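# Coordinate inspection notes
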Amino acid sequence: MKGKDKMAKIRIIGESIPNLPWQERPAGASVPVWRHTGNPIIGRNPVPGVARIFNSAVVPYRGGFIGVFRGETVNGRPHLYLGCSDDGLNWNIGPDRIRFEDEKGKPYQPSYAYDPRLVKIGDSYYIVWCTDFQGACLALAKTDDFKTFIRLENPLLPFNRNGVLFPKKINGKYRILSRPSDGGHTPFGDVFISESPDLTYWGNHRHVMSKGGAGWWQNLKIGAGAVPIETSEGWLLFYHGVTQTCTGYVYSMGAVILDLDEPSRVKYRCGEFLLTPETWYEERGFVPNVVFPCAAPADADTGRIAIYYGCADTYVGVAYTDIETVTGYIKSHSEIIDGDGDIGRI
């Protein structure tokens, strides 16, 4: 009888990643997310011709890990690079930028590329990044082997940033999160979702989340971060929120739980940040005071989550949590903002 009265544990619905990077929460700490003690895991000048790597995406692959990395070259223009790792912490970054081709096999290189997200859907891997298409726009590519990268049509019109694909079809449709923006540093910024039957034609756009709330940490703009994690409670999404101070922008990390069948509807949204710039590698760098989550591989067996995030537009860091800890914190500190709990059809 007692067992029936207990609340069911929240489960990650996904794959087993037995070698997922992990450290236990520091003794005596009560924070829902804690930093890897060896941060940053990627420092300055990681390969010749690349000054900084940050805001990058990682997935498990063939018993190890593979990543698509934002590399800021020594002329200041960003491009995407491929890296691999046995343990998810020590990375071998290739010296050459990823070469893309179109569906006919012809070269199709972006003029610049930054802030990639990487997701496995079925047997293929998809990269979404920000590129130039008469302004900042989302680009999309597919690979089955991380040797050939085929660019597909750009999913949405400019101006748009922070594109994140869901890791499976929902009710038979692909879904992508994005943040419509403008040509500069957006003075507005909510998260929207769009759907597609084929990754080519996108529509049924819905509003998901608004900036703002009672606190100030996300009062300027927000943007989807890591690929959503499917759980028994809903889609767990780590995202960034931005505020403006007298010395510039501050990027922090938050989290939200979206409805499994209607991910335009927010079930719970943490009113407090989970991680904000506090360490030297988050506070000091090319762009100071930035925590920017881009990947969160999760082990279904243990409930552990490793969050990869960009630090001060200069470094890559890792932070940890587990599904019970983070969802419990989100639910106990939930704040639904400006109709986020609705289906988003305005």
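In this convention, every chain numbers its residues from 1, walking through the sequence in written order. Only residues with pLDDT of at least 70 get local features here, since the model is predicted, and only at 80 or more are side-chain atom pairs given and counted; chain-wide, interface and lining totals rely on the full set of residues. Heavy atoms from the whole structure form the basis of all side-chain values; hydrogens and water molecules are not counted.

## Structural notes on the overall build of the chain
- A run of H or I in DSSP counts as a helix once it spans at least four residues, and a run of E counts as a strand once it spans at least two, with each numbered from the N terminus. Scanning the chain for helices and strands turns up 3 helices and 22 strands.
- All radius of gyration figures rest on C-alpha atoms, and the globule criterion is 2.2 Å times the number of residues raised to 0.38. For the chain, the C-alpha radius of gyration of 19 Å lies close to 20 Å, the compact-globule estimate for 346 residues.
- Here the chain holds 346 residues, and the buried ones make up 57% of them.
- Contacts are assigned to residue pairs that have any heavy atoms within 4.5 Å of one another. Taking the intrachain contacts of the chain between residues at least 6 apart in sequence as the baseline, contacts between residues at least 24 apart amount to 54%.
- Working definition of accessibility: Shrake-Rupley area with a 1.4 Å probe, residue cover restricted to the visible protein chains. Counting every atom, the chain has about 15,000 Å² of accessible surface; 49% of that belongs to carbon and sulfur.
- Between the mean site of the 37 positive side-chain charges and the mean site of the 38 negative ones, the chain shows a separation of 1 Å. Relative accessible area decides the class of each residue, using a 1.4 Å probe on protein chains only: under 20% of the type maximum gives buried, over 50% gives exposed, and in between gives partly exposed. Charged residues are defined narrowly, with Lys and Arg counted positive, Asp and Glu counted negative, and His plus the chain ends left uncounted. Just so you know, the charge point we use is NZ for Lys, CZ for Arg, CG for Asp and CD for Glu.

## A few points about the sheet that holds strand 2 (residues 50-61)
- For two strands to count as paired, DSSP must find a minimum of two bridges between them. Pairing is antiparallel across the open sheet formed by 4 strands, whose spatial order is 2-3-4-5. This sheet does not close on itself; its edge strands, each paired only once, are strand 2 and strand 5 (92-97). Direction aside, the axes of adjacent strands within the sheet are offset by 30° on average.
- Pairing of strand 4 (residues 78-85) with strand 5 involves 3 bridges; the strand directions are antiparallel. Opposite Tyr81, over in strand 5, you have Arg97 as the bridge partner. Each axis is a line fitted through C-alpha atoms, and for a helix only the stretch in contact is used; angles between axes span 0 to 180 degrees, taken between their N-to-C directions.

## Concerning the sheet that holds strand 14 (residues 203-209)
- With antiparallel pairing, the 4 strands of this open sheet are ordered in space as 11-12-13-14. At either end of the open sheet lies a strand with only one pairing partner, and these are strand 11 (160-165) and strand 14. Direction aside, neighbouring strands of the sheet carry axes that sit 30° apart on average.
- Bridge count for strand 12 (residues 174-180) against strand 13 (residues 191-196) is 5 bridges, and the pairing is antiparallel. Bridging from a neighbouring strand, Ser178 pairs with Phe192 of strand 13.

## Some words on unusual backbone geometry
- In the segment running from Asn39 into Pro40, the intervening peptide bond is cis, with an omega of -5°.
- With respect to the helices and strands, the residue Pro40 is situated in the loop between strand 1 (34-35) and strand 2.
- Here the amide bond leading from Pro158 into Phe159 is cis, since omega sits at 0°, within 30 degrees of zero.
- With respect to the helices, strands and loops of the structure, Phe159 is situated in the loop between strand 10 (149-151) and strand 11.
- The phi dihedral of Asn45 is positive, around 50°, even though this residue is not glycine.
- For Asn45, a relative accessible area of 56% gives the class exposed.
- With a phi angle near 60°, Phe146 is a residue other than glycine that sits in the positive phi range.
- Note on placement: Phe146 falls in the loop between strand 9 (136-143) and strand 10.

## Examining the pairing of strand 21 (residues 304-311)
- Counting buried residues in strand 21 gives 7 out of 8 residues, a clear majority hidden from the surface.
- Bridging between strand 20 (residues 291-295) and strand 21 involves 4 bridges; their strand directions are antiparallel. Across the sheet, the residue bridging to Phe292 is Gly310, located in strand 21.
- For strand 21 and strand 22 (residues 315-322), the ladder comprises 8 bridges, and the chain directions are antiparallel. Bridge pairing in strand 22 places Gly310 opposite Val316.
- Joining the antiparallel neighbours strand 21 and strand 22 is a turn of 3 residues, in which Ala312 adopts a positive phi near 55°.

## Points about the packing of aromatic side chains
- Here a Phe, Tyr or Trp ring, Trp counted by its six-membered ring, pairs with any other such ring whose centre lies within 6.5 Å, and the pair is stacked when the planes are under 30 degrees apart, edge-to-face when over 60, and tilted otherwise. One pass over the structure, following the stated rule, counts 16 aromatic pairs.
- With 5.9 Å between their ring centres and 20° between their planes, Tyr112 and Tyr114 make a pair best called stacked.
- Its relative accessible area of 19% is what places Tyr112 among the buried residues.
- An angle of 90° between the planes, with centres 5.5 Å apart, marks the rings of Trp280 and Tyr281 as edge-to-face.
- Under the relative-accessibility criterion, Trp280 is labelled partly exposed at 40%.
- According to the relative accessible area criterion, Tyr281 is buried, its value standing at 5%.
- Aromatic ring contacts, followed pair by pair, group Tyr61, Phe100, Tyr125, Trp129, Phe146 and Phe149 into a single cluster.
- The rule for a charge over a ring is simple: NZ of Lys or CZ of Arg within 6 Å of the ring centre, and within 35 degrees of the ring normal. Directly above the ring of Tyr108 sits Arg151, whose terminal nitrogen or CZ lies 3.9 Å from the centroid.
- Seen from the ring of Tyr249, Lys221 lies directly overhead, with NZ or CZ sitting 5.3 Å from the centre.

## Focus on the pairing of strand 11
- In terms of burial, strand 11 is a largely internal element, 6 of the 6 residues being buried.
- Bridge analysis of strand 11 against strand 12 gives 4 bridges, and the strand direction is antiparallel. When the bridges of strand 12 are listed, Asn160 appears paired with Pro180.

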